[in-house]
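If you want the building blocks of each chain, they are given just below.
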Amino acid sequence: MSEQHPESIGRTWLDVVATARRSAADGLVVGTSGNVSARVGDLVLVTPSGVPYDRLGPRDAVGVDLEGRQVLGDLGPTSELPLHLAVYRSTDAAAVVHTHAVHATAVSTLVTEVPLVHYAAAILGGPVRTAAYARYGTPELAEAMLGALAGRTGCLLANHGTVTYGDTLDRAYERTAQLEWLCRLWLTASSVPGRTPALLDAAQLDEVTEALKGYGQPG
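All values reported here derive from a predicted model rather than from experimental measurement. (Residues numbered from 1 in each chain as written. Predicted model: local features only at pLDDT ≥ 70, side-chain atom pairs only at ≥ 80, totals over all residues. Heavy atoms only, no water.)

(A) The arrangement of the state of the cysteines in detail. Applying the stated criterion across every chain, the model contains zero disulfides. Unpaired in terms of disulfides, Cys 155 finds its nearest cysteine sulfur in Cys 183, a separation of 11 Å. Judged by its relative accessible area of 0%, Cys 155 is buried. Look at Cys 183 and you get buried, because its relative accessible area is 0%. (Disulfide = S-S within 2.5 Å. Buried < 20%, exposed > 50% of the residue type's maximum accessible area, 1.4 Å probe, protein only.)

(B) Molecular detail of the pattern of salt bridges. This model, assessed by the stated rule, comprises five salt bridges. Asp 65 is the partner of Arg 69 in a salt bridge, and the nearest nitrogen-oxygen pair spans 2.9 Å. Salt-bridge contacts for Glu 210 lead to Lys 213; the nearest nitrogen and oxygen are separated by 3.0 Å. What makes Glu 210 partly exposed here is its relative accessible area of 48%. Take Lys 213: its relative accessible area is 63%, and that puts it in the exposed class. (Salt bridge = Lys/Arg side-chain N within 4 Å of Asp/Glu carboxyl O.)

(C) Layout of the nonpolar core. Ranked by internal contacts, the top residues of the largest apolar core, which has 41 residues, are Trp 13, Leu 45, Val 107, Val 114, Leu 156 and Cys 183. Take this core: its biggest share by element is seven residues, from helix H5 (residues 169-190). Beyond its immediate stretch of four places on either side in the chain, Cys 183 contacts His 103, Ala 104, Val 107, Val 114 and Leu 156. Counting residues in each nonpolar core, the second largest holds 24 residues, with Val 87, Val 96, Ala 142 and Ala 148 among its members. (Core = buried A, V, L, I, M, F, W, Y, C linked by side-chain atoms within 4.5 Å. Helix = DSSP H or I, 4+ residues; strand = E, 2+ residues; numbered from the N terminus. Contact = heavy atoms within 4.5 Å.)

(D) Region of the structure containing the packing of helix H2 (residues 81-90) against helix H4 (residues 139-149). Running from N to C, H2 and H4 point in directions that differ by 40°, and their axes come no closer than 9 Å. Relative to H4, the element H2 lies oblique. Where H2 crosses over H4, the handedness of that crossing is right-handed. Residues Pro 82, Leu 83, Ala 86, Val 87 and Ser 90 of H2 form the contact with H4, whose own contacting residues are Leu 141, Ala 142, Met 145, Leu 146 and Leu 149. A breakdown of the residues in the contact of H2 with H4 according to their chemical character gives nine nonpolar, one polar and no charged. (Axes fitted to C-alpha atoms, helices over the stretch in contact; angles between N-to-C directions. Parallel < 35°, antiparallel > 145°, perpendicular 65-115°, else oblique. Left-handed = near helix turned anticlockwise from the far one by under 90°. Nonpolar A, V, L, I, M, F, W, Y, C, P; charged D, E, K, R; others polar.)

(E) Seen up close, H2. Within H2, seven of the 10 residues are buried, leaving the element largely enclosed by the surrounding structure. All of the buried residues in H2 are Leu 81, Leu 83, His 84, Leu 85, Ala 86, Val 87 and Tyr 88.

(F) Broad picture of the pairing of strand S2 (residues 43-46). Burial along S2 is two-sided: Leu 43 and Leu 45 and Val 44 and Val 46, pointing in opposite directions, are all buried. As defined by bridge partners, strand S1 (residues 35-40) adjoins S2 across four bridges and the pair is classed as antiparallel. Across the sheet, residue Val 40 finds its bridge partner in S2, namely Leu 43. Between the antiparallel neighbours S1 and S2 lie two residues, among them Gly 41 with a positive phi of about 65°. (Pairing = 2+ DSSP bridges.)

(G) Here's a closer look at the packing of helix H1 (residues 6-25) against H5. H5 packs onto H1 with a crossing angle of 15° between their chain directions and a minimal axis gap of 11 Å. Comparing their axes, H5 and H1 come out roughly parallel. Judged by the sense of rotation from one axis to the other, the crossing of H1 with H5 is right-handed. Residues Thr 12, Asp 15, Val 16, Thr 19, Arg 22 and Ser 23 of H1 pack against Leu 169, Asp 170 and Tyr 173 of H5. Looking at the contact of H1 with H5, its residues break down into three nonpolar, three polar and three charged.

(H) Seen up close, the sheet that holds S2. The strand order across the open sheet built from eight strands is S4-S3-S2-S1-S5-S8-S7-S6, with neighbouring strands paired in mixed fashion. The two strands at the open ends of the sheet, each matched to only one other strand, are strand S4 (70-72) and strand S6 (130-131). This element, H1, spans S1, S2, S4 and strand S5 (95-99) of the sheet and lies at about 160° to S1. H2 contacts S1, S2, strand S3 (63-64), S5, strand S7 (154-157) and strand S8 (161-166) of the sheet and is inclined by roughly 40° relative to S1.

Have a look at this one:
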């Protein structure tokens, strides 16, 4: 598959496909919408355009360099390649997940920032912003996304969906799932007639952010 690190590239491609299939199984995408990528050195492995995830196999790997030149595979890369490359050029991301999650997309049409209805926002670096609308696959969308991602590991794309990144595919996907849950929670709470959800303040969110540094198992 590549003269450099073929085993690592092969394993990472299988993880990309598995993550894409997981997003479909979890209802975060429909059909061939959404896309997933992971970085191996200077190679970005990314799901192809318009191919159902259940049809992808080990021989279908698609890889580009950081300038977007295809260097691996016969299938064309996702139309959202500019979005993925913008994240890799601007952050230390090792993986990017883009979905059309229903609740998060709905919220992207309502607010410029997801209200702090739960401390799960800390998992994404703070209040999640909504990037201004631009057509899919364009440099304008990638630029708007980077503005919304400043200091965050996830954002909404107005009238479009979500983008999250992480140092692993699992972490990037977990952030997507948390963002969708957070948006679903706010929509549910704000739908109660005559009631307004109580929100956390910045100090409360900072407290959670600090506490999360010691969360989980050592090592």
